[in-house]
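Here are the chains, one letter per residue:
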Amino acid sequence: MIGLISATAAGAAARDRLAAAWPDRTRVYDGPVGDAVRRAFAECEQLVCFLATGAVVRIVGPLLADKASDPGVVCVDEAGRFAVSLAGGHGGGANELARAVGEVLGAEPVVTTATDAVDLPGLDTLGLPVEGDVAGVSRALLDGEPVALRAEVPWPLPPLPVAAEGAYTIRLTDRLVEAAEREVVLRPPSLVVGVGASSGVSAEEVLGLVESALREAGLSARSLAEVATVDAKAEEPGIVEAARRLGVPLVTYPAGELSGVEVPNPSDAPLAAVGTPSVAEAAALVRGGELLVPKRKSERADGTPAMATCAVVRRPGRGRLAVVGLGPGARDLLTPRAKAELRRAAVLVGLDQYVDQIRDLLRPGTRVLESGLGAEEERARTAVEEARKGQAVALIGSGDAGVYAMASPALAEASDDIDVVGVPGVTAALAAGAILGAPLGHDHVSISLSDLHTPWEVIERRVRAAAEADIVVTFYNPRSRGRDWQLPKALAILAEHREPETPVGVVRNASRPDESSRLTTLGALDPATVDMMTVVTVGNTATRDIAGRMVTPRGYRWQSGREGAE
């Protein structure tokens, strides 16, 4: 919960705007300011104070205890010009909160945390448990000193300016080790514990078994990702409570699926009880990985038979491929999610001209693999190969990456051994449509006239089908120096079914500085004025030119009813 505190009418107005934008995340604290801040500090994960920073410093100063547990505090000035991350920048999430508040209120976020100021990811913001000399290693990164990365477990990380050797070290490991001097230890969630148990097992017995198995194998409980078992034990109180105390989810699998997993220590007992010859080992291994601790049983002080078994598996870190749509070109049409993925990527793959559009958004240390026109399949293969190495990869395309862009060749290359995330973007058709008016108000279709990948016979059949169905058509890749006859042919097909006065919108470089647009007709359009940077939208029989805007009614019935009423 985010506590909101204000002292003046202007502050209250901004406070109420934020509360309205985030109704489920915020709570307004009234009364004397000092008391309100203190109550919010005790009860909330974060605070936004519409007060002077000096006043907030004096109030919260005595309350600060530990940056890892203190709430994040953001101050917004009376004029709503600045959102200042005052305390808990990383641990309390104040830096991100300041940016989010800035977006809602139109304020400039002010973040003075050193790593954020120079656009380096903070070691305590990577989403992994961290131990050791965070301040010292972070300072070395900031000062440009060589910092070595020792990745004992492959795991996708954002870009870090690391070296092969250095006096400082970032160690990525799930081993039970102490951080050395000048070293930070990051704990990836790479370990899975499979658990089998008899009905009525206690949480203490399960927990003791798991903790001893990890400890004796030299593995860190902070790298535990999940506890896994068979579906029949999904509600076994002892297992459920043990997973809760370990702070990880309990994941269950059907007995039939577990029975197909090859394990070193099958048994008749679980086969008779739950329908699979292995629970602990099979549940840990079902999604692949390396068996580090074979099945072992719990030991009971009274000598009675064990009621729990466990096994430990290390799952390799899965690479991550984000397929990112950059939109039509304007920076303000690049989505926040796309920006976040660009900053998260350690490797960026893209067409050189698209890379140039967003190069300034990349974090220092991002490895850029760029190529020219005509290398789409090569870029797709490269991006997938880098993800398979365990990297965090962003593959970029213009508009929406799934529309005549990089998503389809990339996903054709990818298999289920990597994680794939799609980030939508504003397409050229949508950008052009917004400029023209509302040409896509009813059914519409996009057709690429490039026959480099699709035979012209197929393209022509699709154009003819759209013409006969009276559907608005947006033509991508309409004309180039080497392809000058396809657009006239497509327009001629449409003209067989539509009047010469049918509105046609022509938009070149939508949303870019040299954007141009015009509204013409099917009979008057000169194909020679069109090139590859142009999108051509041809209306249907209901599309009209209304006050210089291209408008396709949402429904013919609505239009005819309106005309009849008027």
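Just above, that's the structure.
Note that the coordinates shown come from a computational prediction; the quantities given were computed from them, not determined experimentally.

Enquirer: Hey, could you run me through the packing of helix H17 (residues 456-468) against helix H18 (residues 486-495) in this one?
Expert: Helix packing geometry: the angle between the two helix axes and the distance between the axes. Across the interface, H17 lies against H18 with an axial gap of 9 Å and an inter-helix angle of 30°. Classified by the angle their axes make, H17 and H18 are roughly parallel. Crossing of H17 over H18 shows right-handed handedness. Contacts between H17 and H18 involve Trp 456, Glu 460, Val 463, Arg 464 and Ala 467 from the former and Gln 486, Lys 489, Ala 490, Ile 493 and Leu 494 from the latter. For the contact of H17 with H18, the residue count by class is 6 nonpolar, 1 polar and 3 charged.

Enquirer: For this particular structure, what's the right way to read the packing of aromatic side chains?
Expert: The final tally for this structure, using the stated rule, is 2 aromatic pairs. Look at Tyr 404 and Tyr 476: their rings are 4.7 Å apart centre to centre, the planes differ by 50°, and that puts the pair in the tilted class. You can see Tyr 404 sitting in the loop between strand E19 (392-397) and helix H15 (407-413) and its partner Tyr 476 sitting in strand E23 (residues 472-476), a full 72 residues away along the chain. A cation sits over an aromatic face here: Arg 25 above Trp 22, 4.3 Å from the ring centre.

Enquirer: Help me understand unusual backbone geometry in this model?
Expert: What you tend to see is this: most non-glycine residues have negative phi, and most peptide bonds are trans. Even without being a glycine, Asn 509 presents a positive backbone phi close to 55°. In this structure, Asn 509 sits in the loop between strand E24 (503-508) and strand E25 (516-521). Here the phi dihedral of Ala 547 falls at roughly 55°; this positive angle occurs in a residue that is not glycine. Along the chain, Ala 547 falls in the loop between strand E27 (544-546) and strand E28 (549-551). By relative accessible area, which is 67% here, Ala 547 ends up exposed.

Enquirer: Looking at this structure, how should I read the sheet that holds strand E17 (residues 347-351)?
Expert: For sheets, the rule is that strands pair by backbone hydrogen bonds, running either parallel or antiparallel. With respect to topology, 5 strands assemble into an open sheet ordered E18-E17-E19-E16-E20, the strand pairing being parallel. At either end of the open sheet lies a strand with only one pairing partner, and these are strand E18 (367-371) and strand E20 (419-423). Adjacent strand axes in the sheet meet at a mean angle of 15°, parallel and antiparallel pairs treated alike. In the sheet, strand E16 (residues 320-325) pairs with E19 via 6 bridges, with the strands oriented parallel. Note that in E19 the partner of Leu 321 across the bridge is Val 393. Strands E16, E17, E19 and E20 of the sheet are contacted by helix H12 (residues 336-344), whose axis makes an angle of about 140° with E16.

Calculation criteria
- Residues numbered from 1 in each chain as written.
- Predicted model: local features only at pLDDT ≥ 70, side-chain atom pairs only at ≥ 80, totals over all residues.
- Heavy atoms only, no water.
- Axes fitted to C-alpha atoms, helices over the stretch in contact; angles between N-to-C directions.
- Helix = DSSP H or I, 4+ residues; strand = E, 2+ residues; numbered from the N terminus.
- Parallel < 35°, antiparallel > 145°, perpendicular 65-115°, else oblique.
- Left-handed = near helix turned anticlockwise from the far one by under 90°.
- Contact = heavy atoms within 4.5 Å.
- Nonpolar A, V, L, I, M, F, W, Y, C, P; charged D, E, K, R; others polar.
- Phe/Tyr/Trp six-rings, centres within 6.5 Å; stacked < 30°, edge-to-face > 60°.
- Lys NZ or Arg CZ within 6 Å of the ring centre and 35° of its normal.
- Buried < 20%, exposed > 50% of the residue type's maximum accessible area, 1.4 Å probe, protein only.
- Pairing = 2+ DSSP bridges.

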